[in-house]
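Structural features, examined
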Amino acid sequence: METMTTQYWRVDPVKPQPEIVFKAADIIKQGGLVAFPTETVYGLGANGLDSKSVAGIYLAKGRPSDNPLILHVSRLEQVDKLSSGLPGVALDLMDIFWPGPLTLVVPRAKGVPDAVTGGLNTVAVRMPDHPVALALIEAAGVPVAAPSANRSGRPSPTLAEHVRLDLEGKIDAVLDGGPAGMGVESTVLDITGEIPVILRPGGVTLEQLRQVLGEVKIDPAALGEKLTANTPVKSPGMKYMHYAPSAPLVLFEGEPGLTCRAITQQAEEEMAQGKRVCILASKENAQLYPGEAVILELGSRDKPASAARRLFRHLRECDRLRVDVILVEGLAPQGIGLAVMNRLRRAAQIITRCEA
Ligand code: TXA
Ligand code: MG
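Let us look at the structure shown here.

Conventions used here
Throughout, residues of each chain are indexed from 1 in the direction in which the sequence is written. Throughout, the order in which chains and ligands are written sets their labels, letters from A for the former and numbers from 1 for the latter. The predicted nature of this model means local features are confined to residues of pLDDT at least 70 and side-chain atom pairs, given and counted, to a pLDDT of 80 or more, with totals for whole chains, interfaces and linings taken over all residues. The side-chain values count all of the structure's non-hydrogen atoms but skip hydrogen atoms and water molecules. Helix numbers and strand numbers start at the N terminus; a helix is a DSSP run of H or I with at least 4 residues, a strand a run of E with at least 2. Each radius of gyration reported is based on C-alpha atoms, and the globular scaling rule is 2.2 Å times the count of residues to the power 0.38. For every residue, the accessible area (1.4 Å probe, protein chains only) is compared with the maximum for its type, and the residue is labelled buried under 20%, exposed over 50%, or partly exposed between those bounds. Contact definition: two residues touch when any of their heavy atoms are within 4.5 Å. Consider each residue's heavy atoms; a residue with any of them within 4 Å of a molecule or strand counts as near. Here a polar contact is recorded for every N or O atom pair within 3.5 Å, except that within protein the pair must consist of a potential hydrogen donor and a potential acceptor, and residues adjacent in sequence are included only if both atoms are side-chain atoms. Only the protein chains shown count as cover for residues, and all accessible areas are computed by the Shrake-Rupley method using a 1.4 Å probe. Pairing of aromatic rings covers Phe, Tyr and Trp, the last counted by its six-membered ring, and requires centre-to-centre distances within 6.5 Å; plane angles under 30 degrees mean stacked, over 60 mean edge-to-face, and any other angle means tilted.

1. Looking at the overall build of the chain
The number of helices and strands found in the chain is eleven helices and 17 strands. In terms of overall size, the chain behaves like a compact globule, its C-alpha atoms giving a radius of gyration of 20 Å where 356 residues would be expected to give roughly 21 Å. When its C-alpha atoms are laid out on the principal axes, the chain stretches across 55 × 50 × 35 Å. In the chain, buried positions account for 54% of the 356 residues. When contacts within the chain are restricted to residue pairs at least 6 apart in sequence, long-range pairs at least 24 apart make up 68% of them.

2. Remarks on the environment of Ala140
Mapped onto the secondary structure, Ala140 falls in helix H6 (residues 131–140). Separated by 119 residues in the primary sequence, Ala140 and Val21 have C-alpha atoms spaced 9.0 Å apart. If we skip the residues at most four places from it in the chain, Ala140 touches Ala25, Ile28 and Lys29.

3. Comments concerning the site of ligand 1
The immediate surroundings of ligand 1 are formed by 23 residues, with Thr40, Arg63, Asn67, His72 and Ser186 found nearest. At a separation of 2.9 Å, an oxygen atom of ligand 1 approaches a polar side-chain atom of Arg63. One nitrogen or oxygen atom from the side chain of Asn67 is found 2.7 Å from an oxygen atom belonging to ligand 1. A total of 680 Å² of accessible area belongs to ligand 1 in isolation, and the protein chains cover 88% of it.

4. Considering unusual backbone geometry
Working note: non-glycine residues mostly have negative phi, and peptide bonds are mostly trans. Residue Pro99 is reached from Trp98 by a cis peptide bond, and omega for that bond is -10°. Look at Arg322: it is not a glycine, yet its phi comes out positive at around 50°. Mapped onto the fold, Arg322 is located in the loop between helix H10 (304–320) and strand E16 (325–329). Assessed through its relative accessible area of 68%, Arg322 is described here as exposed.

5. Here we look at the packing of aromatic side chains
One pass over the structure, following the stated rule, counts one aromatic pair. Ring centres 5.4 Å apart and planes at 25° place the aromatic pair Tyr243 and Phe312 in the stacked group. In this pair, Tyr243 is assigned in the loop between strand E12 (233–234) and strand E13 (249–254) and Phe312 in helix H10, connecting sequence segments 69 residues apart. The exposure class assigned to Tyr243 is buried, which follows from its relative accessible area of 2%. Note on Phe312: relative accessible area 0%, which makes it buried.

Here is the structure:
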């Protein structure tokens, strides 16, 4: 692919400067690609109604063309033109959770390009809760198709610097609004069937959705793979790897004390072989691990939101430090912890369950 000069513009994350927003919106209107911060992660935006622009996203990311994109809107009315008929619960959900990290999968209108939906008869829509994202969409005057602004398969970007590392020379501009908010992506909820189904856990939790909707299912694929007690399970191959740092990642799930001991033991074995080990640890256990390992703290076990904010940044830090193996303390799959565990399971090469 030809390289271009990527422009970087600092923008006030609270009150984005109109002249910068307009420059970025112009690029989108002309068919180009602009990365921008949202309340979840950085997105890579293009005109969502133009197939050619959308094709540029797939090319820049190296993304398989059958993986559909989310259309981002700044006003509720925009959704009417994107859907051939909104399910009854849509308005309630938008009213409660928008702007915010909830993506709704709804029946698709004719005008939505195949390039966005991967040929499906549904389309994913969301209104992000970030002043820069909203101002950009508003100024562009079109729904903005935006996946996370990483190379396909890599951890999602939570800083403009992460976008630069992955997409320098492949996109027109980056709006640098500082750190993205929650650190994990939006929840993807399919509301086209009788019972809403979570396709990807994210910023809006299962618990929050159940409060509003009653019954909510989780797609088995959204949970990560099935585990067997005490047996390391190989992930079913690179095809399903995602969010992955360069070094192999081993995820330890189960009782915190046993998890900590198993990680310590494996760390010692790996280091004895001369390997550089990184441990992603809870605040509670961080002090207990061998001092020769690189320890990156995810935060307290009771505060999954801090793990969410740090996860992708830590995975990229592992790359920068060129560690040979990453050992990760899992957390309870509750609240936003479910989203964190989904990302970790998908990034993991091996999942080890630690139970008495
Ligand atoms: O927080 C987010 O959602 C970020 C920010 C930038 O908004 N975006 C994001 O996009 O994470 P992406 O492309 O990395 O993830 C979109 C997810 C994918 O898992 C995709 O398969 C799913 O949404 N998706 C999109 N359209 C869909 C559809 N019509 N049916 C089912 N799943 C869909
Ligand atoms: Mg992504």
